[in-house]
Amino acid sequence: MKPQAKEAIAVAQKKKRKLKKKYRVLRGIYAAIVAIAAVIVIGYGVYKVAVPAPAQAPVASTTDQTQEQVPGMETGDHTRREQTYTFLLTCPDQVSGNADAIMLVTYDVPNQKVGMLSIPRDTLVDQSTPKINSSLHGGIENLQSVVSDLVGYPIDFYINIDLDGFVELVDAVGGVDFNVPIDMEYEDFTQDLYISFEAGMQHLDGQAAMEVCRFRKNNDGTGYPLGDIQRSETVRNLMVTVAKKLVSNIGKLDQFVDILQRNVETSLSGTDLTWFVTKAIGINLDTGVQGNALPGDGNTTYNGTSYCYELDPAGSLAMINQLVNPFTTDLKPEDVNIFQVNDANGRGYQATASDFVVEEDTEATSTTGSSAVQVAGND
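Residues numbered from 1 in each chain as written. Predicted model: local features only at pLDDT ≥ 70, side-chain atom pairs only at ≥ 80, totals over all residues. Heavy atoms only, no water.

Q: What am I meant to see in the packing of aromatic side chains here?
A: To describe a pair of aromatic rings, one takes the distance between the centres and the angle between the planes. Counting across every chain of the model gives 12 aromatic pairs. Both rings, one in Tyr 85 and one in Phe 276, keep their centres 5.0 Å apart while their planes meet at 90 degrees; by these two values the pair is edge-to-face. Note that Tyr 85 is positioned in strand E1 (residues 84–92) and Phe 276 in helix H7 (residues 270–280), a separation of 191 residues in sequence. There is no split in this pair, since Tyr 85 and Phe 276 are both buried. Ring centres of Phe 157 and Phe 276 lie 5.9 Å apart, and the angle between their planes is 80 degrees; on these two criteria the pair is classed as edge-to-face. Of this pair, Phe 157 sits in strand E4 (residues 157–161) while Phe 276 sits in helix H7; the two residues are 119 residues apart in sequence, bridging distant segments of the chain. Classification of Phe 157 as buried rests on a relative accessible area of 6%. Grouped by ring-pair contacts, the aromatic residues Tyr 85, Phe 87, Tyr 107, Phe 157, Trp 275 and Phe 276 constitute a single cluster. (Phe/Tyr/Trp six-rings, centres within 6.5 Å; stacked < 30°, edge-to-face > 60°. Helix = DSSP H or I, 4+ residues; strand = E, 2+ residues; numbered from the N terminus. Buried < 20%, exposed > 50% of the residue type's maximum accessible area, 1.4 Å probe, protein only.)

Q: Sorry if this is basic, but what is going on with the state of the cysteines here?
A: By definition, a disulfide is the covalent link that joins the sulfur atoms of two cysteine residues. Enumeration over the complete set of coordinates arrives at 0 disulfides. Here Cys 91 is not disulfide-linked; the sulfur of Cys 213 is the nearest cysteine sulfur, at 7.7 Å. Judged by its relative accessible area of 12%, Cys 213 falls in the buried class. (Disulfide = S-S within 2.5 Å.)

Q: How should the environment of Ile 320 be read in this particular structure?
A: Mapped onto the elements, Ile 320 comes out in helix H8 (residues 313–323). Looking at Ile 320, the relative accessible area reads 1%, which means it is buried. Distance from Ile 320 to Asn 292, taken between C-alpha atoms, is 9.7 Å for residues 28 residues apart in sequence. Setting aside anything within four residues of it in sequence, one finds Ile 320 in contact with Leu 117, Val 151, Tyr 153, Leu 294, Asn 325, Leu 331 and Val 336. (Contact = heavy atoms within 4.5 Å.)

Q: Would you mind showing me how to read the layout of surface pockets here?
A: Any empty space left between the atoms is revealed when a probe the size of a water molecule rolls over them. In this structure, the largest pocket spans a volume of roughly 1800 Å³. In this structure, the largest pocket is lined by 47 residues; those nearest its centre are Leu 89, Ile 159, Ala 243, Leu 246 and Leu 260. In terms of residue count, helix H5 (residues 228–248) provides more of the lining of the largest pocket than any other element does, 8 residues in total. Of the residues in the lining of the largest pocket, the class split is 38 nonpolar, 6 polar and 3 charged. Size it by volume and the second largest pocket reaches roughly 630 Å³. Mapped by element, the contributors of at least two residues to the lining of the second largest pocket are H5, strand E11 (296–302) and strand E12 (305–311). With 4 residues, the single largest contributor to the lining of the second largest pocket is E11. (1 Å grid on protein atoms, 1.4 Å probe; cavity = no way out; pocket = protein on both sides within 12 Å on 5 of 7 lines; lining within 4 Å. Points joined across faces, edges and corners; volume = space filled by probe spheres on them. Nonpolar A, V, L, I, M, F, W, Y, C, P; charged D, E, K, R; others polar.)

Okay, here's the thing in structure tokens:
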């Protein structure tokens, strides 16, 4: 055999050995990927078995006298919908220590539906300082109890987020595009707070998003025509907008968790949080979220405190049932605790059955509309 032929055969054999080695490497990588996938699938299966759904709060029943009674549930029998959970979301005011925003959320896991009900911060309640936002001075659990008493059922979990945490979260996703509903011009030197926005689409970083949430009125006294009701709508819409951006940046989950751990006070355990995160990924934030605010009159005076927000009993009950009722049946007037002021003598009392009667020409469900509005966040 000629030397040239021998050399050609040797080169071919060498290439063949390299190719076999390459295939062995590729097969090894493929096998590793398959093994990792199997571990993930098996691990998820173990997780599904090992991590149970979080427990729901107990419900008082008139047929079971041994069960502990809870605020707002002195009468009536109610059955919780399966895997439908309730959350109290709050944000404290950095200066006063009152709750700056109060929101009740119900998450129907099987149907992937979320209802958000804003509770105006000045809502009239039966306590020494008759505005509900002052209840946070007694701690988040005290506010949770007061809200539970109001809406007629025990709330499962609370989440109290510091404004610094909100700013960090928004900055972590590169800010959000949001349609600011009105012109905002407000300065408060004592709080080092300077708010200045023109109505329309704006790109908000964390600080700007926080300022939009905090805005209530301009320095000249103008602002939202319907006051805290419209402010609550802005906060809800902005929250959904931020949530959309968080979902689209799920690769930063570790960073989000770190921010929340440093800035959130919550009754959710790590296991509970893990369970909810895996479920909430499936929510369609465009169609699966609805929200509104409790209707009422913000010009009520009680025991010398002005501008208390006196709830409309019929409208409020309808809104609670429509958005955040976790039961299989509607709550009734005797379940909720809606505080009122007697126009004749100025004394307070719990709304009675007659207060829930709706006049034929009166819209009962909301001062901003007769039905819950879908929260439309901005991408």
